[in-house]
Amino acid sequence: MKCCTVYGDMSADSAADQYPTVNLCNECVDADASAKEDAQIVSIEGDYDPGLGDSCEWCGVEVSDEQI
Ligand SMILES: [Zn+2]
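So, a few notes on the structure that sits alongside this text. Remember, predicted model here, so these are calculated numbers, not experimental data.

## Some words on the overall build of the protein
Summing up its helical and strand segments, the protein has two helices and three strands in all. Sequence-ordered secondary structure for the protein, helices as α and strands as β, is β-α-β-α-β. Whereas a compact globule of 68 residues would reach a radius of gyration of roughly 11 Å, the protein reaches 12 Å, a difference of no more than 12%. C-alpha atoms of the protein, sized along the principal axes, occupy 35 × 25 × 20 Å. Looking at the 68 residues of the protein, the share that counts as buried comes to 12%.

Rendered as structure tokens:
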């Protein structure tokens, strides 16, 4: 599980909505890395941030189900 900045709602007013920071599991990070120009991750900020919740933003897997 990683904390990542991703592309969000580009029509939003705030940068926090345009580039939200979310937790993503390793599978989603790996899938995005192979998506090339369709990639949705702007940058990986670091390890899982419990302040952002306890599950993957994209697929919903819980942090306890995966090795961090
Ligand atoms: Zn995931």
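## Some thoughts on the pairing of strand 1 (residues 2-6)
Pairing analysis gives four bridges linking strand 1 to strand 2 (residues 21-24), with the strands arranged antiparallel. Following the sheet pairing, Thr 5 is matched in strand 2 by Thr 21. Across five bridges, strand 1 lies against strand 3 (residues 41-47) in antiparallel orientation. Within strand 3, the residue paired with Val 6 across the bridge is Ile 41.

## Things to note about the sheet that holds strand 2
Strand order in this open sheet of three strands is 2-1-3, and the pairing throughout is antiparallel. The open sheet has two free edges, formed respectively by strand 2 and strand 3, since each of these has just one partner strand. Neighbouring strand axes in the sheet, compared pairwise and without regard to direction, differ in orientation by 35° on average. Of the strands in this sheet, strand 1, strand 2 and strand 3 touch helix 2 (residues 26-33), which is tilted by about 145° from strand 3.

## With respect to the environment of Lys 2
Within the element layout of this structure, Lys 2 appears in strand 1. Lys 2 has contacts with Leu 24, Val 29, Ile 44, Asp 47 and Tyr 48, leaving out every residue within four places of it along the chain.

Parameters at a glance
Residues numbered from 1 in each chain as written. Predicted model: local features only at pLDDT ≥ 70, side-chain atom pairs only at ≥ 80, totals over all residues. Helix = DSSP H or I, 4+ residues; strand = E, 2+ residues; numbered from the N terminus. Rg over C-alpha atoms; globule rule 2.2 N^0.38 Å. Buried ≥ 20, exposed ≤ 12 C-beta atoms within 10 Å, placed from the backbone. Pairing = 2+ DSSP bridges. Axes fitted to C-alpha atoms, helices over the stretch in contact; angles between N-to-C directions. Contact = placed C-beta atoms within 7 Å.

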